Amino acid sequence: MASAGTAAGAAAGTAATRELTEELRGFREVQRLSYACAEAVAAQLKPGVTEREAARMQREWLYERGVRDWFHRPFAWFGDRTAFVDFKIPLQFFPTNRRLEAGMPFILDMAPVHKGYTADIGYSGCLGLNPVHDKLLADLKDHRELILREVRERRTLREIYEDVDRLMVRQGYANRHRAYPFGVIAHKIDRVRERRWAPTLFGFGTQSLKGLASDALHGHRDGWSPLWSPYKFSDHPPRPGLWAVEPHLGFRGTGAKFEEILVVTDSRDPEQSAFWLDDDLPHVRRWNEEGTAA
């Protein structure tokens, strides 16, 4: 079985026109499935729905379409929890009985494994009008462009992280992905062997955790990390392969992010050395529509 890094290295062209390998098409398929789930669940949200109910809706939607394993099970955050206000311990990330209200932002986050391929996505929305949330979503576009540009320049993960931080400060926002374990903005993903029984541990699939742990062990030996963080262990250029990237902006009690797959290759051609796996995603379509309207 080819590795994600091998598949990435075989791709060429722009995200809109390149002919993807079978391997990358598998990852794109599960990423699109995940975003379709997020849009379907978001359309059903109404005042009074709890985070736990929204997380269950995501699980059931994906289960009906064949998902049986996870990198992590679905999360849902409502209101100021979208900005991780006062989050101190990992247990606070899990869905609660917080109820959705009119004008309240929400984030749906899921990482299913389907046919052995993994995706990890984040979908930001709002129940009704919220100008602050709209501005956060619009300003995320600059982060997607900055990350791709600097990965192509082969800047270190740590340097890019710091540049994302500086951009957030200039925009007037707080870095909320720093609240994640190890402060990560991204992590590597790869194929997961399909099994008839797929247990989870603290909401994370054990097969995926084993793969990430293996990458961490080999990476430590070879001088790289599968976690993209602000710390010294991320002070190296991006490793070829697939990265689930999630810049997360916060402004007071409102948070917004996207999360999607970035492909990094070993090509010397800058345009082929890194690219977003798919440009037909809800947040990208939104930016394109806003650009056309302007």
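The present account deals with the structure reproduced in this document. (Residues numbered from 1 in each chain as written. Predicted model: local features only at pLDDT ≥ 70, side-chain atom pairs only at ≥ 80, totals over all residues. Heavy atoms only, no water.)

Description of the side chain of arginine 176
- As for its position among the elements, arginine 176 is in the loop between β5 (174–175) and β6 (186–189).
- One buried charged residue, arginine 176, remains without a salt bridge, the closest side chain of opposite sign being aspartate 86 at 8.0 Å.
- Among the polar contacts made by the side chain of arginine 176, one reaches the main-chain carbonyl oxygen of phenylalanine 84 at a distance of 3.2 Å.
- If sequence neighbours within four positions are ignored, arginine 176 has contacts with Ala83, Phe84, His248, Leu249 and Gly250. (Helix = DSSP H or I, 4+ residues; strand = E, 2+ residues; numbered from the N terminus. Buried < 20%, exposed > 50% of the residue type's maximum accessible area, 1.4 Å probe, protein only. Lys, Arg positive; Asp, Glu negative; His and termini not counted. Salt bridge = Lys/Arg side-chain N within 4 Å of Asp/Glu carboxyl O. Polar contact = N/O pair within 3.5 Å; in protein donor to acceptor, adjacent residues only side chain to side chain. Contact = heavy atoms within 4.5 Å.)

With respect to a nonpolar patch on the surface
- There is a patch of nonpolar side chains on the surface, built from Phe182, Tyr231 and Phe233 and spanning about 330 Å² of accessible area.
- Locating phenylalanine 182 in the fold gives a position in the loop between β5 and β6. (Patch = residues over 30% accessible without salt bridge, like charges linked within 9 Å, V, L, I, M, F, W, Y side chains within 5 Å. Areas by Shrake-Rupley, 256 points an atom, 1.4 Å probe, with all protein chains shown as cover.)

Some thoughts on the sheet that holds strand β11 (residues 248–251)
- Strand order in the open sheet made by the 3 strands is β5-β11-β12, with antiparallel pairing throughout. The open sheet has two free edges, formed respectively by β5 and β12 (254–257), since each of these has just one partner strand.
- With 2 bridges connecting them, β5 and β11 associate as antiparallel partners. Note that in β11 the partner of asparagine 175 across the bridge is leucine 249.
- Each of β11 and β12 is contacted by helix α4 (residues 131–152), which is oriented at about 35 degrees to β12, the strand it contacts most. (Pairing = 2+ DSSP bridges. Axes fitted to C-alpha atoms, helices over the stretch in contact; angles between N-to-C directions.)

Quick look at the packing of aromatic side chains
- As enumerated under the stated definition, the model contains 15 aromatic pairs in all.
- Their ring planes at 15 degrees and their centres at 5.6 Å tell us that phenylalanine 75 and tryptophan 77 sit as a pair that is stacked.
- Accessibility expressed as a relative area gives 1% for tryptophan 77, which makes it buried.
- Summarising the aromatic geometry, the rings of phenylalanine 84 and tyrosine 180 are spaced 5.1 Å apart at their centres and angled 85 degrees between planes, so their arrangement reads as edge-to-face. Of the two residues, phenylalanine 84 sits in the loop between β1 (69–78) and β2 (105–114) while tyrosine 180 sits in the loop between β5 and β6, which places them 96 residues apart along the sequence.
- Overall, phenylalanine 84 belongs to the buried group, its relative accessible area being 0%.
- The rings of Phe75, Trp77, Phe84, Phe87, Phe93, Phe94 and Tyr180 are connected pair by pair, giving a single aromatic cluster.
- One residue, arginine 68, lies across the ring of tyrosine 63, its end atom 3.5 Å from the ring centre.
- One Lys or Arg, arginine 191, reaches over the ring of tyrosine 117 and ends 4.0 Å from the middle of that ring. (Phe/Tyr/Trp six-rings, centres within 6.5 Å; stacked < 30°, edge-to-face > 60°. Lys NZ or Arg CZ within 6 Å of the ring centre and 35° of its normal.)

Looking at the sheet that holds strand β9 (residues 227–228)
- Sheet architecture is open: 5 strands sit in the order β9-β6-β10-β13-β14, paired in antiparallel fashion. The open sheet has two edge strands, β9 and β14 (274–276), and neither has a second partner.
- The pairing of strand β10 (residues 241–245) with strand β13 (residues 260–264) spans 5 bridges and is antiparallel. Residue pairing across strands places glycine 241 opposite valine 264, the latter belonging to β13.
- On top of the sheet, α4 reaches β9, β10, β13 and β14; it is set at about 160 degrees to β14, its chief contact.

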